[in-house]
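Okay, here's what each chain looks like letter by letter:
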Amino acid sequence: LTGLYLNKETLVFVYNHDNPFSQPKNVFFGHLLSALVGILFITFFGVSFITIGLAVGIAVMLMMAFKITHPPAGGNPIIVIIGGVSFQFLIFPVMVGAITIIIGGIIYNRLILKRKYPQTWK
């Protein structure tokens, strides 16, 4: 799953490093919240196309409501529900993966490309 996170993170590394969706708060909390929604859906409703669709929709809605929208995180509920994971999944790979993306984005943008990232920590 680590490769999946890195492949989806072109926002941070390539295209929009200065976009609000690419900032550390959005990366970390967007992935965490959307994975949590997926875990709650699989725990209470099981696996079906309906629960997958609802989980993705609610995860995106909550990310927008809390102003932590990170578009690649919208796929987390799908992975969580199809994979049948537990709450432990939130720590590894979700939190560890998000922190890795943030640190990698800082190194890549600041040290290699010499551009400011993150724009804000808020």
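Definitions and cut-offs
- Residues numbered from 1 in each chain as written.
- Predicted model: local features only at pLDDT ≥ 70, side-chain atom pairs only at ≥ 80, totals over all residues.
- Heavy atoms only, no water.
- Phe/Tyr/Trp six-rings, centres within 6.5 Å; stacked < 30°, edge-to-face > 60°.
- Buried < 20%, exposed > 50% of the residue type's maximum accessible area, 1.4 Å probe, protein only.
- Core = buried A, V, L, I, M, F, W, Y, C linked by side-chain atoms within 4.5 Å.
- Helix = DSSP H or I, 4+ residues; strand = E, 2+ residues; numbered from the N terminus.
- Contact = heavy atoms within 4.5 Å.
- Axes fitted to C-alpha atoms, helices over the stretch in contact; angles between N-to-C directions.
- Left-handed = near helix turned anticlockwise from the far one by under 90°.
- Nonpolar A, V, L, I, M, F, W, Y, C, P; charged D, E, K, R; others polar.

Colleague: Just give me the short version of the packing of aromatic side chains, but keep the residues and values in it.
Modeller: Following the criterion strictly, the structure yields two aromatic pairs and no others. Geometrically, the ring pair formed by F28 and F29 is edge-to-face, given 5.0 Å between the ring centres and 90° between the ring planes. Looking at F28, the relative accessible area reads 16%, which means it is buried. Note on F29: relative accessible area 41%, which makes it partly exposed.

Colleague: With reference to specific residues and values, describe the nonpolar core.
Modeller: If you look at the biggest cluster of nonpolar residues, it comprises 16 residues, and the most contacted ones within it are V12 and V27. Elements with a minimum of two residues in this core: α2 (10-15), α3 (24-45) and α6 (91-112). Ignoring sequence-local partners within four residues, the contact set of V12 consists of H17, S22, V27, I101, G105, N109 and Y117. Counting seven residues, the second-largest nonpolar core is a separate cluster that includes F41, I42, I52 and I81.

Colleague: Describe in detail the packing of helix α4 (residues 49-65) against helix α5 (residues 76-83), supporting the description with residues and values.
Modeller: For any two helices packed against each other, the geometry is given by the interaxial angle and the distance between the axes. At a minimum axis separation of 8 Å, α4 and α5 run at an interaxial angle of 145°. For the element pair α4 and α5, the recorded crossing hand is right-handed. Here α4 contributes T51, I52, A55, V56 and A59 to the contact with α5, which in turn contributes P77, I78, I81 and I82. Residue classes in the contact of α4 with α5 are distributed as eight nonpolar, one polar and no charged.

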